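# Summary of the model geometry
What follows is the residue order along each chain.
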Amino acid sequence: MENKNYRILVLSDLRKTSKTILKNTASLAKMIGGEIALLHVKQPLGVVKQDNQLSAVRSINDTYKSTKNQIKGLVSPIMEDQGVSIDTSFKVGNVKDEVNKKIKEFGPDIIVLGQRKSSPLNFLGNNITKHVLTTFDGLVMIASHEQVFRNNQELSLGTLNGSSDLMKTDLLEKLMKQSSKPLKSFKIKHGKNELAQEEQTDQPVVEYVFEPQDDALENMSNYLARTNVDLLFMDLNDTSNINVKNVIGKFNVPFVLAGKHKAKFDNSLN
């Protein structure tokens, strides 16, 4: 586990918030020893708007040039500041197809997606968040647009409905070893009489247990902010009482989705 070289793929829409997302990704890569690739895809109809073939070719060329310059302007300062390398690629085509090709080519361990409050499952205009969650077998990080990671010693980690399997996740184990902060455990009871179970970890744990009521996620979101959680790990093998779509649209902190069940996603993300 110590020598694992993590591959992190960032799917970016190049909005203003992409800078914060990429900063967090670079910080994470430095903590865990990872390499970063960034992919941006445009739909052909968004590039070619003229019927004339010559004009269409000119539009494509102009788009490639301007977009590559935009990507360079985004990644260059971060690479220089963080001392990391970021491989970038820009494609014009079907977004899902290009994402699938990049996943096959790069073989990421972690895919980073931006979070949109207004429409969290309409990433890149083509429902890519749902597509990734239902097809990708690795970890998925939903990145915050506002919060920037602190250094590794001060990194405050949390878990949502953490099981023993989640605690054995390589990424979580590696980050816990570097952090001096106690792990924060957030849970929603499956039943009102359920007793809280302790996390199986050698690290100190502070536990927050919420009653299964309508505003449980809202309360949890407030506590995540108040307790300064930098990165939350969500265990999808034990979330029968949590709608994943609601979590993606509500939490402000970056969070990692682990232990996915594709059939469960197909139902919860509709």
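Conventions used here
- Residues numbered from 1 in each chain as written.
- Predicted model: local features only at pLDDT ≥ 70, side-chain atom pairs only at ≥ 80, totals over all residues.
- Heavy atoms only, no water.
- Buried < 20%, exposed > 50% of the residue type's maximum accessible area, 1.4 Å probe, protein only.
- Helix = DSSP H or I, 4+ residues; strand = E, 2+ residues; numbered from the N terminus.
- Pairing = 2+ DSSP bridges.
- Expected span 1.5 Å × (residues − 1).
- Axes fitted to C-alpha atoms, helices over the stretch in contact; angles between N-to-C directions.
- Contact = heavy atoms within 4.5 Å.
- Core = buried A, V, L, I, M, F, W, Y, C linked by side-chain atoms within 4.5 Å.
- Parallel < 35°, antiparallel > 145°, perpendicular 65-115°, else oblique.
- Phe/Tyr/Trp six-rings, centres within 6.5 Å; stacked < 30°, edge-to-face > 60°.
- Lys NZ or Arg CZ within 6 Å of the ring centre and 35° of its normal.

## With respect to the pairing of strand 10 (residues 255-258)
Residues Phe255 and Leu257 of strand 10 are buried on one face, and the alternating residues Val256 and Ala258, pointing to the opposite face, are buried as well. Bridge count for strand 5 (residues 139-143) against strand 10 is 3 bridges, and the pairing is antiparallel. Its bridge partner lying in strand 10, Ile142 is registered against Phe255.

## Section: helix 1 (residues 18-32)
For helix 1, which comprises 15 residues, the first-to-last C-alpha distance of 21 Å matches the rise-based estimate of 21 Å (1.5 Å per residue) to within 8%. Among the 15 residues of helix 1, 12 are classified as buried, and the element is accordingly described as predominantly covered. Among all positions of helix 1, only Ser18, Thr20, Ile21, Leu22, Asn24, Thr25, Ala26, Ser27, Leu28, Ala29, Met31 and Ile32 are buried. Gly33 sits one or two residues past helix 1 and shows a positive phi near 75 degrees.

## Looking at the sheet that holds strand 5
Taken in spatial order, the 10 strands make up an open sheet running 3-2-1-4-5-10-9-6-7-8, and their pairing is mixed. In this open sheet, the two edge strands, each paired with only one partner strand, are strand 3 (86-92) and strand 8 (205-210). Strand-to-strand, the axes of this sheet are offset by a mean angle of 20 degrees, without reference to chain direction. Lying over the sheet, helix 8 (residues 216-226) contacts strand 6 (157-160), strand 7 (183-188), strand 8 and strand 9 (231-235), oriented at roughly 170 degrees with respect to strand 7.

## Side note on the nonpolar core
In terms of nonpolar packing, the biggest core is built from 39 residues, with Leu28, Ile32, Ile110, Leu157, Leu171, Leu175 and Phe233 touching the most fellow members. Considering every element that reaches this core, the biggest residue donor is helix 1, with 7 residues. The contact partners of Leu28, leaving out residues within four places of it in the chain, are Ile8, Ile110, Met141, Phe149, Leu171 and Leu175. Grouped together as the second largest cluster of nonpolar side chains are 37 residues, Ile111, Val132, Leu217 and Met220 included.

## Structural notes on the packing of helix 1 against helix 7 (residues 170-178)
At a minimum axis separation of 10 Å, helix 1 and helix 7 run at an interaxial angle of 80 degrees. In terms of orientation, helix 1 and helix 7 fall into the roughly perpendicular class. Every residue of helix 7 that contacts helix 1 at Leu28, Met31 and Ile32 is listed here: Leu171, Lys174, Leu175 and Gln178.

## Quick notes on the packing of aromatic side chains
Applying the stated criterion to the full structure yields 5 aromatic pairs. Ring geometry for Phe251 versus Phe255: centroids 6.1 Å apart, planes at 80 degrees, classification edge-to-face. According to the relative accessible area criterion, Phe251 is buried, its value standing at 0%. Among the aromatic residues, those joined into a cluster by ring pairs are Phe186, Tyr208, Phe210 and Tyr223. Sitting over the ring of Phe106, Arg7 keeps its end group 5.5 Å from the ring centre. The ring centre of Tyr223 lies 4.7 Å from the NZ or CZ of Arg226, which sits over that ring.

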